[in-house]
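Fold and geometry: a report
Spelled out from the first residue to the last, the chains are:
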Amino acid sequence: MNSVYINDIAVLLPNQPVDNDNMERILGQVGSRPSRARRLILRSNGIRSRYYAIDPETGAATHNNAQLTAAAIKNLENEAFTLEQMDCLVCGTSMPDQVMPNHAVMVHGELASSSCEVVATAGVCVAGMTALKYAWMGVASGQYQNAVATGSEVASAVLRSHLYEKEVDAKIEALQSHPEIAFEKDFLRWMLSDGAGAIRLQPKPATAGLSLRIDWMFQRSYANEQDACMYSGAQKTEDGHLVGWKECAPDTWLSDSVFAIKQDVKQLNENIIHYTVEKPLAELIEDKQLRSADVDFFLPHYSSEFFRDKLAAALSSMDFHIPFDRWATNLTTKGNTGSASIYIMLEDLFRSGRLQKGHKILCYVPESGRFSSSFMMLTVCDNQG
């Protein structure tokens, strides 16, 4: 097996950052009054700015998901690498622009680069990590001399107010006393944002500067123990099952906002730490002989600052304490970009000037879709490996 190195990372954050006071103006107001939940949710999640692929003046989309992803990949091109050299492209996202064809081939079409192997991975936040893992395994096995992996989201495409108007109209009587949309939907309007990241992998470190060697990647699903928690294109029944959009009456697609992203907040709060930290980390500590003292930087993806202290407490309870000065996150300024978040965090750290040869970086990406978790260990290298 070849060693595999991250030799470059690029991101694309669309347009200008949007502060908290301008979110509802750009996404649009649902119903007759501003959201009652917005300020409460923003106080809890700690996000101060984020990015939307929306023109703030016209309200028109500036990028779809494939376009945003392709723009991030193009930022990888330099004197050492061109897209014509790309052997494999793997793209992960929660929300492709269409049901079919898959997201990755649409990105490939936007790039109009030479023919190569193209693969899409689906999911929610972990989709970016599974894309990276496929690319890593391909380079490690010798199938490719290089591969590009991406994570991307254009959540704003399903957060804009006009998508909820039919539901408001259909439920006008019930909404007389509670004029906002259901909290499970409103909650995520103030949590999610847009962005794309791309990573170039090769079996040798870069000839100049630092590289990140992938030591291992780990992913677990606990869907065998939990019902769906975050979902779109479906309705959740009282007994926890999902009824997909194909089984719903077409008139409910709009009247019930079937395609809106929904989150069972109670289920999330009760289970996210146990299933995405405690269970998988216990396995890693045993199998990898993992010790917190060996971690120089911890890159945790979490959707809200609300979970920061809960995550820290869980780590400490497992004798895996990592001081906050070794955490490297950018949620407050870049927002929650789902499957792209780990790419955007890594790019920030990679360009920060803080890394030195030998540093160990532990990455953690949880997913509440039906409770999955992913970890990755990186070692900072120079051109000698």
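Refer to the structure above for everything that follows.
Keep in mind that what you see is a predicted model, and the values were worked out from it rather than measured.

**A word on the overall build of the chain**
Looking only at helices and strands, one finds 12 helices and 15 strands in the chain. Taken along its principal axes, the extent of the C-alpha atoms in the chain is 70 × 50 × 40 Å. Counting all 385 residues of the chain, 54% fall into the buried class. Of the contacts formed within the chain by residues at least 6 apart in sequence, a portion of 81% connects residues at least 24 apart. Within the structure as shown, the chain displays about 16500 Å² of accessible surface, and the carbon and sulfur contribution to it stands at 49%.

**Things to note about helix H3 (residues 65-74)**
Of all the 10 residues making up H3, 7 are buried; the element is thus mostly covered by neighbouring parts of the structure. When we look at burial in H3, the residues that qualify are Asn65, Ala66, Leu68, Thr69, Ala70, Ala72 and Ile73. Those residues of H3 that are buried are in contact with strand S1 (5-12), strand S4 (88-93), helix H4 (103-111), strand S6 (147-154) and strand S7 (194-202). For H3, the capping residue at the N-terminal end is asparagine 64, with a side-chain oxygen 3.2 Å from the backbone nitrogen of alanine 66.

**Section: the packing of aromatic side chains**
The geometry of an aromatic ring pair comes down to the distance between the two centres and the angle between the two planes. One pass over the full model with this rule turns up 11 aromatic pairs. A centroid spacing of 5.6 Å and a plane angle of 50 degrees characterise the contact between tyrosine 222 and tyrosine 275, whose relative ring orientation is tilted. Placement of tyrosine 222 in the loop between strand S8 (211-221) and strand S9 (230-231) and of tyrosine 275 in helix H9 (residues 265-287) is noted, with a sequence separation of 53 residues between them. For the pair formed by tyrosine 222 and tyrosine 275, the shared burial category is buried. Ring centres 6.0 Å apart and planes at 45 degrees place the aromatic pair tyrosine 275 and phenylalanine 371 in the tilted group. A residue pair is termed long-range when its members are at least 10 positions apart, and tyrosine 275 in helix H9 and phenylalanine 371 in the loop between strand S14 (360-367) and strand S15 (372-381) qualify at 96 residues.

**Considering the nonpolar core**
Core analysis: the biggest nonpolar cluster contains 60 residues, and Leu201, Leu212, Leu299, Leu346, Ile361, Met376 and Leu378 have the highest contact counts within it. Membership of the second largest hydrophobic core comes to 31 residues, among which are Ile47, Ile272, Leu281 and Leu315.

**Points about the pattern of salt bridges**
Throughout the structure, instances matching the rule amount to 12 salt bridges. Salt-bridge contacts for arginine 220 lead to glutamate 283; the nearest nitrogen and oxygen are separated by 2.6 Å. Remark: glutamate 283 occurs in helix H9 and arginine 220 occurs in strand S8; sequence separation between them is 63 residues. Classification of glutamate 283 by relative accessible area gives partly exposed; the value is 24%. With a closest N to O distance of 2.9 Å, aspartate 294 and arginine 291 form a salt bridge. One salt-bridge network, in which partners are shared between bridges, spans Asp8, Glu347 and Arg351.

**Section: the side chain of glutamate 347**
As for its placement among the helices and strands, glutamate 347 is situated in helix H12 (residues 341-350). Glutamate 347 has contacts with Ile9, Ala10 and Val11, leaving out every residue within four places of it along the chain.

**Describing a nonpolar patch on the surface**
Among the surface-exposed residues, Val99, Met100, Trp245 and Phe259 lie close enough to one another that they form a single nonpolar patch of about 450 Å² accessible area. For tryptophan 245, the location among the structural elements is in the loop between strand S11 (242-244) and helix H8 (250-255).

**Quick word on the sheet that holds S14**
Spatially, 9 strands are ordered S5-S4-S6-S7-S1-S8-S15-S14-S13 in an open sheet, and the strand pairing comes out mixed. Looking along the sheet, the strands with just one partner apiece sit at the ends: strand S5 (117-121) and strand S13 (297-300). With strand direction ignored, the average angle separating the axes of adjacent strands in the sheet is 25 degrees. Sheet topology note: the S8/S15 ladder contains 10 bridges and is antiparallel. Across the sheet, the residue bridging to isoleucine 214 is leucine 378, located in S15. On the sheet, H3 packs against S1, S4, S6 and S7 and is oriented at approximately 140 degrees with respect to S6.

**Description of the pairing of S13**
Regular strands place side chains that alternate from one sheet face to the opposite one. Because side chains alternate across S13, one face comprises the buried residues Phe297 and Leu299, and the other comprises Phe298 and Pro300, equally buried. Pairing of S13 with S14, which is carried by 4 bridges, proceeds in the parallel orientation. By the bridge assignment for S14, phenylalanine 298 is matched with leucine 362.

Parameters at a glance
- Along every chain, residues carry numbers that run from 1 in the direction the sequence is written.
- Owing to the predicted nature of the model, reporting of local features is limited to residues with pLDDT of at least 70; listing and counting of side-chain atom pairs is limited to 80 or more, with chain, interface and lining totals taken over all residues.
- To get the side-chain values, take all heavy atoms of the structure and skip hydrogens and water.
- Going along the chain from the N terminus, every DSSP run of H or I of four or more residues is numbered as a helix, and every run of E of two or more is numbered as a strand.
- Burial status follows relative accessibility: with a 1.4 Å probe on protein chains alone, a residue under 20% of its type maximum counts as buried, one over 50% as exposed, and anything between as partly exposed.
- Working rule for contacts: check all heavy atoms of both residues, and any pair within 4.5 Å makes them a contact.
- Note on areas: these come from Shrake-Rupley sampling with a 1.4 Å probe, and a residue is covered only by the protein chains present in the view.
- N or O atoms within 3.5 Å of each other form a polar contact, as long as, within protein, one can give a hydrogen and the other can take it, and as long as residues adjacent in sequence are counted only when both atoms are side-chain atoms.
- For this analysis, a ring pair means two rings from Phe, Tyr or Trp (six-membered ring only for Trp) whose centres lie within 6.5 Å, classed as stacked if their planes differ by under 30 degrees, edge-to-face if by over 60, and tilted for the remaining angles.
- Within this scheme, the nonpolar core is defined by two criteria: the residues are buried Ala, Val, Leu, Ile, Met, Phe, Trp, Tyr or Cys, and they are joined through side-chain atoms within 4.5 Å.
- Any carboxyl oxygen of Asp or Glu within 4 Å of a side-chain nitrogen of Lys or Arg constitutes a salt bridge here.
- Like charges within 9 Å and nonpolar side chains (Val, Leu, Ile, Met, Phe, Trp, Tyr) within 5 Å are joined into patches, using only residues over 30% in relative accessible area that form no salt bridge.
- Between any two strands, pairing holds if DSSP finds at least two bridges.
- To define axes, lines are fitted to C-alpha atoms, for helices over the stretch in contact only, and angles between the resulting N-to-C directions are given on a 0 to 180 degree scale.

In short, geometric facts, not functional conclusions.
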